[in-house]
Amino acid sequence: MKIALIGTYPPRQCGIGTFTRNLARSIVPKNHKGSLESLVDVVAINNNLTQYNYAPEVKFIIVQEDQRDYTRAADFINFGESRLCILEHEFGIFGGESGVYILPFIHRLQVPLIVTFHTILEHPNFLEKSIIQEIGKNAQKMVVMSKLGIEFLKNIYRIPEEKISLIEHGVPEYKNSPPPQFKKKFNLKNRKVLFTFGLLGRNKGIETVINALPQVVGKHPEVIYLILGNTHPSVLLSTGESYRQKLRLLVRQKKLENHVYFIKQFVSEEILFQYLSAADIYVTPYINHAQITSGTLSYAIGAGAAVVSTPYWHAKELLSQGIGELFDFKDSDQLADILNDLLDHPAKLNKLKARALDYGKHLKWSLIGKQYLKLCNEAVEKYSPQVQGKTTFIDPALIPTLSLNHLKRLTDDTGIVQHAKYGIPNLKEGYCLDDNARALFAALMAYRRTKNEEALELMPVYFSYIHYMQNVKGTFRNFLSFDRRFLDEEGSEDAFGRTIWALGYLIRFSPNDAYFQLGLEIFKKASANFENLNSIRGIANTINGICHYLHRFQSDEKMIQLLDKLSLSLVDQYYMHSSEDWKWFEDELTYDNGIIPLALFSTAEITGNQQFLQVAEESTKFLEGVTLKDGYFAPVGSNGWYPRNGKRAQYAQQATDVMIMVLLYYKSYQVLKKKGYIKKMFQTFTWFYGENDLRVPLFDHETKGCCDGLESYGVNRNQGAESTLAYLISHMTVLNAIELEHEFGKRKKKILVEDSSKYSTQTKTKVENIKTPQTPV
């Protein structure tokens, strides 16, 4: 039976990668005469920056943040030779928030699935819990490496116990050699060696050992403490080597330079076992309980090391069998007493080593592999293919890789330029508030999705433009010339509303506190003008911004009441103008039409108001009947619009109308959980790729920009900010929807708010108490 394995893989320096390779080797029968690649198809997870020279058994590579790779990987397995898939799960190795990109892969997989959990959280957030539960619904078997892992999956994630199997962490099968041999190799002769290894981070608690050493060295001056391992990659990205430097300073303060040695390397398993064999005592001083599995602990026991550890979950369970000693978290004095006692009593120390060595025999990969093979056979035997019912409305293969190239091309140190001649920025036209607000929105979306550094660099340009254009009374100017001259005193209410929408999104999803504080300051200053708005689209855009704000400030009663007032003004317009055959807010369909029902869906999600929801649904259905009636999307043309009882203009079609409808359908799905909205959303999105009246694409694969519109004569070849931002925001919204593919069609019940009691409103009617969507736009 050929098996597909998914996880990181050597030469990528990662503990899960080492685990995946060892598992691959262990499930190959000893009498198999062929190569590893003939029985195993490895799907390797790459980070976004590094290319690796993989072994032949790696048949497919997933770039962590490329969503299309996950669905391609599913197709690779479905139409390949593998009869089963084993997935190594750790939130951080997969793309998207909390690794959510793995769910579309699992949803599309058509072979039995076994999942090994390397982390199981006791207190998961909503998304983390949902991911594990979705995996549980689709996997035939789920492997944990500790007894506590079983309890967590059962009691926290509600996974049926019959799906869960306990298979401990495997260890390599190296022959144990006498410690003196390796002490001599590493120049440790006549030294008592304390040892810790693994990727370095603040949760490792190394300072606890360093603080204990003066008491130990005072009695045993021959003691040396070896700390082996590189700094964890995520730690390097966020704080660099600050933790290692802190430890080095502590060593100097304690005058322990001759007793502590840092080995900054990622070593092979063979070298690691030599260090473990040379060690007298292995120490794991982690600072809290939350470690359900520790590969380093398993390796130490497999090598027959005497282990002294804090009582994190895995250690407490494993060492309770008399094969190690425990000390309290951050208790250096207790640790010093235990170390001195063991060094004072060699017989006691040797007894711990013997017990560890004996226990480690059943952790050898040859035995662990047999357990996995048995589980594989059971999964294949019991598997019933259920291809029917798996709805996949979105085809990721049609979607190019997200690129901000044209966005960067249009942006200078003032802001984003309004217009372009073909793909070249047209500096003569200067800048406007509308586009910089949309650009801030798009940059925030891009950064939220993948921590895109380019987006983070662009963000302050757009944000500072908004700040610069705000007037004393809180309104905004709109236009600025290329030489930075103000071209108006006060912009339109539409521009005002779009800016409030972007600011609300920023407040909700600010990348850091500085952005949050300034965004809140600008938003609050502008809020004095909310009640004075008259433009229906200005009101709708503002409502969307307020809704994002209220996700962050749920108890702001004044803002909730204002949200109701503004939303009621939209509803009043609807009842004033609508009739049996014209379910709309005005006597004419013009531009950005979908923004009005979108605002009411957003309010309904917050307040639970059924009247708002009903009007949102009715008006969306009416708008859909006008624009999505021939199997593709065709927005109302700007050369005449669509007056009531009049003729609908076919051209010119604008990209912003497409964007608003994509956002509307996505929000409709989030609120109502009707899978048809996702289908319509993707249908609408493909307007950019040629599913339109002229069957011609507007997205430019060369420049990564978007043409300005669809005219009766063809495409407007200019690629300005408005159209390019409309495309980018639509693109990222569709990518967000792919993350929810696993739930399409599963729930029939209408969904409104997470807990409507968090929001009080005088106009609130009947509310269904359910969960808020976790992938907001």
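Residues numbered from 1 in each chain as written. Predicted model: local features only at pLDDT ≥ 70, side-chain atom pairs only at ≥ 80, totals over all residues. Heavy atoms only, no water.

Participant: What exactly am I supposed to notice about the overall build of the chain here?
Facilitator: Of regular secondary structure, the chain possesses 27 helices and 21 strands. Taking 28 Å as the expected radius of gyration for a compact globule of 777 residues, we find that the chain reaches 30 Å, a close match to that expectation. The C-alpha extent of the chain, read off along each of the three principal axes, is 95 × 60 × 50 Å. Within the chain, buried positions represent 61% of all 777 residues. (Helix = DSSP H or I, 4+ residues; strand = E, 2+ residues; numbered from the N terminus. Rg over C-alpha atoms; globule rule 2.2 N^0.38 Å. Buried < 20%, exposed > 50% of the residue type's maximum accessible area, 1.4 Å probe, protein only.)

Participant: Explain the sheet that holds strand S5 (residues 113-117) here, please?
Facilitator: Adjacent strands of a sheet pair through backbone hydrogen bonds, lying either parallel or antiparallel. Within the open sheet, the seven strands sit side by side as S3-S2-S1-S4-S5-S6-S7. Their pairing is parallel. Because the sheet does not close on itself, it has two edges, and the strands there are strand S3 (58-63) and strand S7 (164-166). Neighbour to neighbour, the strand axes of the sheet diverge by 20° on average, direction disregarded. Sheet topology places strand S6 (residues 141-144) next to S7; three bridges connect them, and they run parallel. In the sheet register, Met-142 faces S7, and the bridge partner there is Ile-164. Those strands touched by helix H2 (residues 67-78) are strand S1 (3-7), strand S2 (40-46), S3 and strand S4 (84-89), and its axis lies near 160° from that of S3. (Pairing = 2+ DSSP bridges. Axes fitted to C-alpha atoms, helices over the stretch in contact; angles between N-to-C directions. Contact = heavy atoms within 4.5 Å.)

Participant: I would appreciate a short explanation of the sheet that holds strand S13 (residues 324-326) in the present structure.
Facilitator: Pairing within the open sheet is parallel, and its six strands lie in the order S10-S9-S8-S11-S12-S13. Among the strands making up the open sheet, the edge pair consists of strand S10 (260-263) and S13. Each strand axis lies, on average, 20° off the axis of its neighbour in the sheet, ignoring direction. Here six bridges tie strand S8 (residues 192-197) to strand S9 (residues 223-228), and the two strands are oriented parallel to one another. Directly across from Thr-196, in S9, lies its bridge partner Ile-227.

Participant: Before we go on, may I ask you to explain the pattern of salt bridges in this structure?
Facilitator: Once the charged atoms of two side chains with opposite charge are near each other, the side chains can pair. Summed over all chains, the structure comprises 32 salt bridges. Glu-97 is the salt-bridge partner of Arg-448, the closest N and O atoms lying 3.7 Å from each other. Of the two residues, Arg-448 is situated in helix H17 (residues 433-450) and Glu-97 in the loop between S4 and helix H3 (102-108); the sequence distance between them amounts to 351 residues. Taking the relative accessible area as the measure of exposure, Arg-448 reaches 23% and is therefore partly exposed. We note a salt bridge from Glu-134 to Lys-137, for which the minimum N-O separation is 3.1 Å. (Salt bridge = Lys/Arg side-chain N within 4 Å of Asp/Glu carboxyl O.)

Participant: For this particular structure, what's the right way to read the environment of Leu-563?
Facilitator: Relative to the elements of secondary structure, Leu-563 occurs in helix H22 (residues 557-577). Placed 61 residues apart in sequence, Leu-563 and Ala-502 show a C-alpha to C-alpha distance of 16 Å. If sequence neighbours within four positions are ignored, Leu-563 has contacts with Ile-543, Ile-546, Cys-547, Leu-550, Thr-603, Ile-606 and Thr-607.

Participant: What's the story with unusual backbone geometry in this structure? I'm lost.
Facilitator: Keep in mind that most residues, glycine aside, have a negative phi and that most peptide bonds are trans. Here the residue pair Pro-10 and Pro-11 is connected by a cis peptide bond, since its omega of 15° sits within 30 degrees of zero. Tracing the chain through its elements places Pro-11 in the loop between S1 and helix H1 (15-26). Phi angles above zero are rare outside glycine, and Lys-451 is one such case at about 55°. Checked against the element boundaries, Lys-451 lands in the loop between H17 and helix H18 (453-469).

Participant: Quick question: what am I supposed to make of helix H24 (residues 610-627) here?
Facilitator: Each turn of an α-helix holds 3.6 residues, which means side chains three or four residues apart point in the same direction. Helix length check: H24 (18 residues) gives 26 Å between terminal C-alpha atoms against 26 Å at 1.5 Å per residue, within 8%. When we look at burial in H24, the residues that qualify are Phe-612, Leu-613, Val-615, Ala-616, Glu-617, Ser-619, Thr-620, Phe-622, Leu-623, Glu-624, Val-626 and Thr-627. The secondary structure elements touched by the buried residues of H24 are H22, strand S18 (588-589), helix H23 (595-607), strand S19 (642-643), helix H25 (655-672) and helix H26 (676-685). At the N-terminal boundary of H24, the capping side chain belongs to Asn-609, with an oxygen 2.9 Å from the backbone nitrogen of Gln-611. (Expected span 1.5 Å × (residues − 1). Polar contact = N/O pair within 3.5 Å; in protein donor to acceptor, adjacent residues only side chain to side chain.)

Participant: Looking at this structure, I do not really get the environment of Asn-203. What am I missing?
Facilitator: Among the structural elements, Asn-203 can be located in the loop between S8 and helix H7 (206-219). Separated by 29 residues in sequence, Asn-203 and His-232 place their C-alpha atoms 11 Å apart. Sequence-distant contacts of Asn-203, that is, excluding residues within four places in its chain, are made with Tyr-286 and Ile-287.

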